[in-house]
Amino acid sequence: MRLLVLTDIHANLSALEASLTAAEGSWQRLICLGDVVGYGPDPNEVTSRIRELGAVTIRGNHDKAVAELMPTDDFNPVAKAAVNWTRSQLSNENLGWLAGLPQGPLEAEGVVLVHGAFQDEDEYVFTPSQALEGLLDSTSQVTFFGHTHHQGGFSYQDPELEVLSLHPRTNESRCALRLEDSKRYLLNPGSIGQPRDTDPRAGFAIADLENHTVEFWRVPYDIAGVQKRMRDAKLPEPLVLRLQVGR
Ligand SMILES: [Fe+2]
């Protein structure tokens, strides 16, 4: 079973469609690690598309905030403005679907899904020390996480925790990780709709556990078109500008 793993789509339909086109024919089951909406201009279109594709989806902090399942006191003003705009745009049906998304960790298709950290869905995992508990506690050899919008990951084989560089070069569209039976993995497929690792291309992963490989992809998309829709919607300018620099 080949899994297409997406996260942090953030209502960016152009990035989602470019990724689906690039990955066409390479996967059988879709997995989404949350933040379906927030920041981007296409919340209904992206939510409907993910529903229609039958993706196994867990909630992210933006999905929760939009569905009023968490306060936005900790959100910066720009993120808060985007949450409010997103809520005003969503159909009741899509809002209801987002509100009903399960919380990670969730075991599905032989992997574990979390939005942020294994122990706390809203915590960020950037460093080895932040990754360690998830690597030790997860119920699966491979755990996928999102939230940081950084493509990459960690592996663990007692006593060594390794930071994995899993990022295709600028002139390449993918790189592959070979899974070793003796190791555990915590992997971030990268953000579809708002990358923050200095590569503005949409990021995702394709996992093939039977063949012990996970591919990490980057795909270009029409950033200018998305920026125009964001400006038309009067979404905050810093959110518009960051798409082209990928941070
Ligand atoms: Fe996010």
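Each remark here, short or long, concerns the structure printed above.
Worth saying up front: this structure is predicted, and the values here are computed from it rather than measured.

Caption draft 1: Just the packing of aromatic side chains, in detail. Taken as a whole, this structure holds two aromatic pairs when the rule is applied. With a centroid separation of 5.8 Å and 15° between ring planes, the pair formed by Y124 and F126 is classed as stacked. On the accessibility criterion, F126 (43% relative accessible area) is partly exposed. Ring centres of F204 and W217 lie 5.4 Å apart, and the angle between their planes is 20°; on these two criteria the pair is classed as stacked. Taken together, the residues F204 in strand β11 (residues 202-208) and W217 in strand β12 (residues 213-219) connect sequence positions 13 residues apart. On the basis of relative accessibility, which here comes to 0%, the residue F204 falls in the buried class.

Caption draft 2: View of the coordination of the iron ion. Protein coordination at the iron ion: the donors are D8 (OD), H10 (NE2), D35 (OD) and H149 (NE2), at 2.1 to 2.3 Å from the metal. Angles of 86 to 178° at the metal separate the four donor atoms of the iron ion, which places the site in the irregular class. Written as a sequence motif, the donor arrangement for the iron ion is D-x1-H-x24-D-x113-H. One end of the pair, H10, is in the loop between β1 (2-6) and α1 (13-23); the other, H149, is in the loop between β6 (142-144) and β7 (152-157), with 139 residues separating them in the sequence. We note that H10, like H149, is buried.

Caption draft 3: Local environment of the side chain of D35. Residue placement: D35 occurs in the loop between β2 (29-32) and α2 (43-52). The charged side chain of D35 is buried without a salt bridge, its nearest counter-charge being R196 at 6.5 Å. Sequence-distant contacts of D35, defined by excluding residues within four places in its chain, comprise D8, I9, H10, G60, N61, H62, D63, H115 and H149.

Caption draft 4: The sheet that holds strand β3 (residues 56-57), seen in detail. Pairing is mixed across the open sheet formed by six strands, whose spatial order is β3-β2-β1-β11-β12-β9. With one partner strand each, in any of the chains shown, β3 and β9 (174-178) form the two edges of the open sheet. Pairing analysis gives seven bridges linking β11 to β12, with the strands arranged antiparallel. Counted as the bridge partner of F204 is W217 from β12.

Caption draft 5: Molecular detail of the pattern of salt bridges. A complete count under the given rule lists 16 salt bridges for this structure. A salt bridge links E121 to K64, with the shortest nitrogen-to-oxygen separation between them at 2.9 Å. Within this pair, whereas E121 is found in the loop between β5 (111-113) and α6 (128-137), its partner K64 is found in helix α3 (residues 61-66), the two being separated by 57 residues in sequence. You can call K64 buried: its relative accessible area is 6%. The salt bridge involving R174 is made with E215; its shortest N-O contact spans 3.9 Å.

Caption draft 6: Representation of the environment of G34 in the model. Within the secondary structure, G34 sits in the loop between β2 and α2. Residues G34 and L113, spaced 79 residues apart in sequence, show a C-alpha to C-alpha distance of 9.5 Å. Residues within four places of G34 in sequence aside, it is in contact with T7, D8, I9, I58, R59, G60, D63 and H115.

Caption draft 7: Focus on the packing of α2 against helix α5 (residues 92-99). The geometry of α2 relative to α5 is characterised by a closest axis approach of 10 Å and an angle of 60° between their N-to-C directions. Here α2 lies oblique to α5, going by the angle between them. In terms of crossing hand, the pair formed by α2 and α5 is left-handed. Contact residues: N44, T47, S48, I50 and R51 in α2; E93, N94, W97 and L98 in α5.

Caption draft 8: Structural context of the side chain of R196. Tracing the backbone shows R196 in the loop between β10 (184-188) and β11. A distance of 3.3 Å separates the side chain of R196 from the side chain of Y39, its partner in a polar contact. At 2.7 Å, the side chain of R196 forms a polar contact with the side chain of Q194. The residues touching R196, leaving out its near neighbours within four places in the chain, are Y39, H147, T148, H149, H150, R242, G246 and R247.

Caption draft 9: Main features of the sheet that holds strand β4 (residues 106-108). Strand order across the open sheet formed by six strands is β4-β5-β6-β10-β7-β8, with mixed pairing between neighbours. Two strands lie at the open edges of the sheet, namely β4 and β8 (160-164), each paired on one side alone. Across the sheet, the mean angle from the axis of one strand to that of its neighbour is 20°, orientation sign disregarded. The pairing of β4 with β5 spans three bridges and is antiparallel. When the bridges of β5 are listed, E107 appears paired with V112. Running over the sheet, α6 touches β7, β8 and β10 and is turned about 60° from β7.

Definitions and limits used
Residues numbered from 1 in each chain as written. Predicted model: local features only at pLDDT ≥ 70, side-chain atom pairs only at ≥ 80, totals over all residues. Heavy atoms only, no water. Phe/Tyr/Trp six-rings, centres within 6.5 Å; stacked < 30°, edge-to-face > 60°. Buried < 20%, exposed > 50% of the residue type's maximum accessible area, 1.4 Å probe, protein only. Helix = DSSP H or I, 4+ residues; strand = E, 2+ residues; numbered from the N terminus. Donors = N, O, S within 2.8 Å, 3.2 Å for Na, K, Ca; no water. Tetrahedral: all angles 85-135°; square planar, octahedral: opposite > 155°, others 65-115°. Lys, Arg positive; Asp, Glu negative; His and termini not counted. Salt bridge = Lys/Arg side-chain N within 4 Å of Asp/Glu carboxyl O. Contact = heavy atoms within 4.5 Å. Pairing = 2+ DSSP bridges. Axes fitted to C-alpha atoms, helices over the stretch in contact; angles between N-to-C directions. Parallel < 35°, antiparallel > 145°, perpendicular 65-115°, else oblique. Left-handed = near helix turned anticlockwise from the far one by under 90°. Polar contact = N/O pair within 3.5 Å; in protein donor to acceptor, adjacent residues only side chain to side chain.

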